[in-house]
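Chain by chain, the residues run as shown.
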Amino acid sequence: MGVITNISYAHIKNFKNLKGIANAKSEIINNIVKDGYIILNKDDFFYNYLRKKALKKKLNIISFSVKKNSDIRLINIKKYNNYFYFNIKIKNKLKKFKINKDLKKYSSNILATCALLSIYFPIEQI
């Protein structure tokens, strides 16, 4: 199992361009056994590139997104009193999470975590 949250300029000093970073991160896919899982960010520019590599390896792909239709998707965040309510679609089931901190800037990481948990626990049924 592996997770690739995004391809960004954070590691650009080690590479010529973003494609180089995408190639390096795609090595994660090469090291997952057949029928294993890869979790990919559907909002990322390199999603289709990584998805194709994962399909060639016959991996199970779980996508997550803040903006696009995906396996795990942020529907919205609402603030009520002192709480934040994250409404997340997990495999076509709407789940509501009550959080006492503003974690909006961590939305992608929260979605990736939900994707990871969905492999091991039927969280869409809870």
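Here the structure is a predicted model, which is why all the values come from computation and not from measurement. (Residues numbered from 1 in each chain as written. Predicted model: local features only at pLDDT ≥ 70, side-chain atom pairs only at ≥ 80, totals over all residues. Heavy atoms only, no water.)

In this section: the nonpolar core. The biggest cluster of nonpolar side chains holds 16 residues, and the ones touching the most others in it are Ile72 and Ile88. Taken together, the elements giving at least two residues each to this core come down to strand E3 (60–65), strand E4 (72–80), strand E5 (83–90) and helix H4 (107–120). Counting residues per element, this core draws most heavily on H4, at 5 residues. Setting aside anything within four residues of it in sequence, one finds Ile88 in contact with Ile72, Arg73, Leu74, Ile75, Lys93, Leu94, Lys95, Phe97, Ile110, Leu111 and Cys114. Core analysis: the second largest hydrophobic core is formed by 14 residues, Ile4, Phe46, Leu50 and Leu59 among them. (Core = buried A, V, L, I, M, F, W, Y, C linked by side-chain atoms within 4.5 Å. Buried < 20%, exposed > 50% of the residue type's maximum accessible area, 1.4 Å probe, protein only. Helix = DSSP H or I, 4+ residues; strand = E, 2+ residues; numbered from the N terminus. Contact = heavy atoms within 4.5 Å.)

Attention shifts here to H4. Between its first and last C-alpha atoms H4 spans 21 Å; for 14 residues at 1.5 Å apiece the expected length is 20 Å, and the two agree. Those residues of H4 that sit buried are Ser107, Leu111, Ala112, Cys114, Ala115, Ser118 and Ile119. The buried residues of H4 occupy one face: seen down the axis, they fall within an arc of 155°. Each element contacted by the buried residues of H4 is listed here: strand E1 (2–4), strand E2 (37–41), E3, E4, E5 and strand E6 (93–99). (Expected span 1.5 Å × (residues − 1). Arc of directions from axis to C-beta.)

Worth remembering: the numbers are spatial, not functional.
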